Amino acid sequence: MEEIGRYFAVYLAGATGIWKGIPVGIAMGLTPFFTATFTSLGAVSSALLVYFSGEPFRKWLMNKYGTRKIAHKQEKFNVWLQKYGVAGLGLMVTGLLGPFISLMIGMLLLKDTRKFLLFLLLGILIWSFGITYLSTPIIGLVKGMM
């Protein structure tokens, strides 16, 4: 039962962001595979929840997180969109800004968000597994030095 609780904790942390789920999984001693899997499942779940939630939920999120914070990131988003396109944007911005904010900004700026959502979900998987598998040996090295 304790094992399931650890997986669920990583899932919930991953739902709030990739950069939160991975440290929780590593701190709880999960293998890199399970850390990346449950982090990405949480992030994908929250992205799909926001995508399919409807306009009232999106407006509530905008009011809660403030348009000023999103407007600043919107400028970066536009620059990246012009330079890399929807595919590059979905893959790259996921790890840099986080899937939650990336999806919200993408829904504000893009007319057809289905293609962006596909690349955003793929980016979640790539970033989750990449960061986990790159950070695990570094953390092991640091622990060995102490």
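It should be noted that the structure appears before, not after, this text.
Residues numbered from 1 in each chain as written. Predicted model: local features only at pLDDT ≥ 70, side-chain atom pairs only at ≥ 80, totals over all residues. Heavy atoms only, no water.

So, about the overall build of the protein chain. Within the protein chain, the secondary structure is distributed over seven helices and zero strands. Helices (α) and strands (β) of the protein chain occur, in sequence order from the N terminus, as α-α-α-α-α-α-α. Its C-alpha atoms give the protein chain a radius of gyration of 16 Å, near enough to 15 Å, the size a compact globule of 146 residues would have. The C-alpha extent of the protein chain, read off along each of the three principal axes, is 50 × 35 × 25 Å. Counting the 146 residues in the protein chain, one finds 40% classified as buried. Looking at the protein chain alone, contacts between residues at least 24 apart form 71% of all its contacts between residues at least 6 apart. Positive and negative side-chain charges in the protein chain, numbering 14 and 5 respectively, have mean positions lying 8 Å apart. (Helix = DSSP H or I, 4+ residues; strand = E, 2+ residues; numbered from the N terminus. Rg over C-alpha atoms; globule rule 2.2 N^0.38 Å. Buried < 20%, exposed > 50% of the residue type's maximum accessible area, 1.4 Å probe, protein only. Contact = heavy atoms within 4.5 Å. Lys, Arg positive; Asp, Glu negative; His and termini not counted. Charge placed at Lys NZ, Arg CZ, Asp CG, Glu CD.)

In this section: the environment of Gln74. Mapped onto the fold, Gln74 is located in helix H5 (residues 67-97). The exposure class assigned to Gln74 is partly exposed, which follows from its relative accessible area of 22%. As a C-alpha pair, Gln74 and Met104 span 30 residues in sequence and 9.8 Å in three-dimensional space. Setting aside chain neighbours within four positions, we find Gln74 in contact with Ile105, Leu108 and Leu109.

Judged by nonpolar contacts, the single largest core of 26 residues is most densely connected at Phe77, Leu89, Leu103, Phe116 and Ile124. Of all the elements in the fold, those that place two or more residues in this core are helix H2 (18-27), helix H3 (32-52), H5, helix H6 (99-109) and helix H7 (113-145). The residues touching Leu89, leaving out its near neighbours within four places in the chain, are Phe77, Trp80, Leu81, Tyr84, Thr94 and Phe116. (Core = buried A, V, L, I, M, F, W, Y, C linked by side-chain atoms within 4.5 Å.)

Orientation of helix H1 (residues 2-16) relative to H3, taken along the N-to-C sense of each, is 45°, at an axis distance of 7 Å. Taken together, the axes of H1 and H3 are oblique relative to one another. Crossing geometry of H1 relative to H3 is assigned as right-handed. Note on element contacts: H3 touches H1 through Phe34, Thr35, Phe38, Thr39, Leu41, Gly42, Ala43, Ser45 and Ser46, opposite Tyr7, Val10, Tyr11, Gly14 and Ala15. Here the residues of the contact of H1 with H3 sort into eight nonpolar, six polar and no charged. (Axes fitted to C-alpha atoms, helices over the stretch in contact; angles between N-to-C directions. Parallel < 35°, antiparallel > 145°, perpendicular 65-115°, else oblique. Left-handed = near helix turned anticlockwise from the far one by under 90°. Nonpolar A, V, L, I, M, F, W, Y, C, P; charged D, E, K, R; others polar.)

Before going further, it helps to examine the packing of aromatic side chains. Tallying each qualifying case throughout the model produces eight aromatic pairs. Ring plane angle 15° and centroid distance 4.9 Å describe the contact between Tyr7 and Phe38, whose orientation is recorded as stacked. Linking Tyr7 in helix H1 with Phe38 in helix H3, this pair joins segments that are 31 residues apart in sequence. Judged on exposure class, the residue Tyr7 and its partner Phe38 are both buried. With 5.4 Å between their ring centres and 70° between their planes, Phe33 and Phe34 make a pair best called edge-to-face. Residue Phe34 is classed as partly exposed on the basis of its relative accessible area, which comes to 33%. (Phe/Tyr/Trp six-rings, centres within 6.5 Å; stacked < 30°, edge-to-face > 60°.)

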